[in-house]
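These are the residues of each chain, in order.
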Amino acid sequence: MSVSASVPSGSKSARGNNNEVDRLSSLPDDLLHHVMSFLPMPEVVRTCLLSPRWRYLWTSTPFIRINHQDFKAENNSSRVDVKKLQKFGDQLLLLRDGTVSLDEAQISFTGRSSAWIHHAIKHKARFLHVSGFQHTLVMDSTAMLPSQHLTRIRLQHVCLLDLFIKMLNRDCPLLKHLELEHCELYVRGISSSSLKVLRIIDCLIGADLLISAMSLIHLSIIDPRCRRSVVITSDLSCLVSASISLRNDEFHYDHYYNDDTEVNHRLLDGLSHATMLELHAPLAELAFERGLQACPTFINLTKLVLGDWCMTADFFPLLRILHRSPKLKELTVKLEMEDCETCKDAESIALTLMRARSIRAYPRVERIKICCSKDDPRIGALVQALLPIFTPDGKISIEEY
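Please read these numbers as outputs of a predicted model, since none were measured by experiment.

Helix and strand content of the chain: 11 helices and 23 strands. The buried share among the 401 residues of the chain stands at 49%. On the chain, roughly 19400 Å² of surface is accessible, and the fraction owed to carbon and sulfur atoms is 50%.

Shown next as structure tokens:
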């Protein structure tokens, strides 16, 4: 394989002093591979120049990393030398030892990604990290192969089509972790029976999405953007913890369609088995509040973290979720003075009447923590609203930002 840069032949770092012992090269291969894992992949390949001991060591690393950041154009650091990147990726996979299985494959590119992903899967990769750049990488069923070894997938700046997710649901029986960041999701459902952790962060939800992975332990949905699409959770009977944040303006208002069409999200439906729940949104968040009207009791919930959305004038959302959490022991309210004008404008008469219904049964909470700015005027009313649920020997604290 051609090497784009070399270590000077007279360099002590290459050959060492004649009177010194090369202790590093005497280490076993697995430790040297671990040392190499901290280097960019082009530098890993260049270690072949160090000594005969290192000549072929790079070919048996249990990882491959093809990253566009390592191939900046010489005359413009903001551009990528695509031809150089493609050549490096192709030769890297051609010359590496094909008998060595992969623990990790990281690919940050759009052009040859499918072929490189296929190589990683054929060589039993357990962790696959794919990131698009410049133009979002589109992944359909042709981008993947069935895998009996993949346990973790992380995708960034990728457009996912329904057939891709169906293949993951069906043909990756050991998949435990799925992380989607800054992606576009045109998928109907995530229902992998093996999936334990699902994180959806700052993604565009382009189609109605049903999350029904029966073995899921943790779920994060952080600041999604929706185009008239609904997010539904269902049948998450193994769920232990969940974190949902709805702070993105485009969750309510779609700049693409230039309207604020109301959609009926059912984010809370499948969260009833969680023991720890974190729900963040501006005031007022109707997606959460409407969800509380029909959601089942949170039968295992012992720890709850809420944001500004629960701070309506009558505290109905707060009291409602407390009423539905009979085992709750710890409550944290994090206030950041966030408002959602779209939700305020959309409040309906029917919802107002729902709020008027009296709620009488509450859990006995042992620890309450309120996090707020120093001059938040709502704290006194909030403390008064929480007194009925506070145990006499419990602890309440207020922490200022």
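Take the side chain of H68 next. By secondary structure assignment, the location of H68 is in the loop between strand 1 (63-67) and strand 2 (72-73). Relative accessible area serves as the criterion here: at 10%, H68 is assigned to the buried category. Once you skip the residues sitting within four places of it in the chain, H68 turns out to touch V80, L85, S108 and F133.

Take the packing of aromatic side chains next. Scanning all chains against the criterion turns up 2 aromatic pairs. On the basis of an interplanar angle of 50 degrees and a centroid distance of 5.1 Å, the ring pair of F71 and F88 is categorised as tilted. Of the two residues, F71 is situated in the loop between strand 1 and strand 2 and F88 in helix 4 (residues 82-95); the sequence distance between them amounts to 17 residues. Directly above the aromatic system of F63 lies the positively charged group of R65, at a separation of 4.5 Å from the ring centroid. Over the ring of F127 we find R152; its NZ or CZ atom is 4.3 Å from the centre of that ring.

Moving on: the sheet that holds strand 16 (residues 225-226). One open sheet holds the 5 strands; their spatial order is 6-8-10-13-16, and the pairing between them is parallel. Here the strands that pair on one side only, and so sit at the sheet edges, are strand 6 (137-139) and strand 16. As defined by bridge partners, strand 10 (residues 184-186) adjoins strand 13 (residues 204-205) across 2 bridges and the pair is classed as parallel. What sits directly across from L185, in strand 13, is I205. Contacts from helix 6 (residues 162-171) reach strand 6, strand 8 (158-161) and strand 10, with the element oriented near 75 degrees to strand 8.

Relative to strand 23 (residues 390-400), strand 22 (residues 365-372) runs parallel, the two being bridged by 7 bridges. Among the inter-strand pairings, V365 is bridged to a residue of strand 23, identified as F390. After leaving strand 22, the chain enters helix 11 (residues 379-386) and then returns to the sheet as strand 23, a path that is right-handed.

The next subject is the environment of H129. The topology assignment puts H129 in strand 5 (residues 127-131). In this structure the C-alpha to C-alpha distance between H129 and E104, which are 25 residues apart in sequence, comes to 7.9 Å. Once residues within four sequence positions are removed from consideration, H129 is found in contact with A105, Q106, I107, R154 and Q156.

For an α-helix, the turn length of 3.6 residues means that residues three or four places apart are oriented alike. Among all positions of helix 6, only D162, F164, I165, M167, L168 and D171 are buried. Looking at the packing, one finds that the buried side of helix 6 touches strand 6, strand 7 (152-156), strand 8, strand 9 (177-181), strand 10 and strand 11 (189-190).

Of note, the phi angle at K124 is positive, near 65 degrees, even though the residue is not glycine. On the secondary structure map, K124 appears in the loop between helix 5 (113-122) and strand 5. The class of K124 is partly exposed, set by a relative accessible area of 41%. Phi is positive for F315, which is not a glycine, with a value near 60 degrees. Structurally, F315 is set in the loop between strand 20 (303-306) and helix 8 (316-323).

Strand order in the open sheet formed by 3 strands is 11-14-17, and the pairing between neighbours is parallel. Strands with a single pairing partner mark the edges of an open sheet, and in this sheet they are strand 11 and strand 17 (231-233).

Two elements in contact, helix 7 (residues 286-294) and helix 8, have axes separated by 10 Å at closest approach and are oriented at 40 degrees. Judged by the sense of rotation from one axis to the other, the crossing of helix 7 with helix 8 is left-handed. Here helix 7 contributes E289, L292 and Q293 to the contact with helix 8, which in turn contributes F316, P317, R320 and I321. In the contact of helix 7 with helix 8, the residues fall into 4 nonpolar, 1 polar and 2 charged.

This part covers the confidence of the model for the chain. Per-residue pLDDT for the chain averages 85, and the proportion of residues at 70 or more is 85%. Model confidence for the chain, summarised as mean pLDDT per element, is weakest for helix 10 (residues 349-356) at 43 and strongest for strand 12 (residues 197-201) at 98. The model gives residues 1-16 a pLDDT under 50, and that stretch makes 25 contacts with residues more than four places away or in other chains. Between residues 344-356, whose pLDDT stays under 50, and residues either more than four places distant or in other chains, the model counts 16 contacts.

With respect to the helices, strands and loops of the structure, R199 is situated in strand 12. Residue class for R199 comes out partly exposed when judged on its relative accessible area of 31%. With 22 residues separating them in the primary sequence, R199 and H177 have C-alpha atoms 8.3 Å apart. Leaving out residues up to four positions away in the same chain, R199 has contacts with L178, E179, L180, H218 and S220.

Before going further, it helps to spend a moment on the pattern of salt bridges. For side chains of opposite charge, pairing can occur when their charged atoms come near one another. With the rule as written, the count across this model stands at 17 salt bridges. The closest approach of N and O atoms between R367 and E366, which form a salt bridge, is 3.7 Å. Among the residues examined, R367 registers a relative accessible area of 37% and is labelled partly exposed. When salt bridges that share partners are traced, they join K329, E330, E366 and R367 into one network.

Every buried residue of helix 11 is accounted for by I379, L382, A385 and L386. One side of helix 11 holds all its buried residues, which, seen down the axis, span an arc of 125 degrees. Turning to helix 11, the residues buried within the fold contact helix 8, strand 21 (330-334), strand 22 and strand 23.

Cut-off values and rules
Residues numbered from 1 in each chain as written. Predicted model: local features only at pLDDT ≥ 70, side-chain atom pairs only at ≥ 80, totals over all residues. Heavy atoms only, no water. Helix = DSSP H or I, 4+ residues; strand = E, 2+ residues; numbered from the N terminus. Buried < 20%, exposed > 50% of the residue type's maximum accessible area, 1.4 Å probe, protein only. Areas by Shrake-Rupley, 256 points an atom, 1.4 Å probe, with all protein chains shown as cover. Contact = heavy atoms within 4.5 Å. Phe/Tyr/Trp six-rings, centres within 6.5 Å; stacked < 30°, edge-to-face > 60°. Lys NZ or Arg CZ within 6 Å of the ring centre and 35° of its normal. Pairing = 2+ DSSP bridges. Axes fitted to C-alpha atoms, helices over the stretch in contact; angles between N-to-C directions. Right-handed = clockwise from strand over helix to strand, strands pointing away. Left-handed = near helix turned anticlockwise from the far one by under 90°. Nonpolar A, V, L, I, M, F, W, Y, C, P; charged D, E, K, R; others polar. pLDDT = per-residue confidence, 0-100. Salt bridge = Lys/Arg side-chain N within 4 Å of Asp/Glu carboxyl O. Arc of directions from axis to C-beta.

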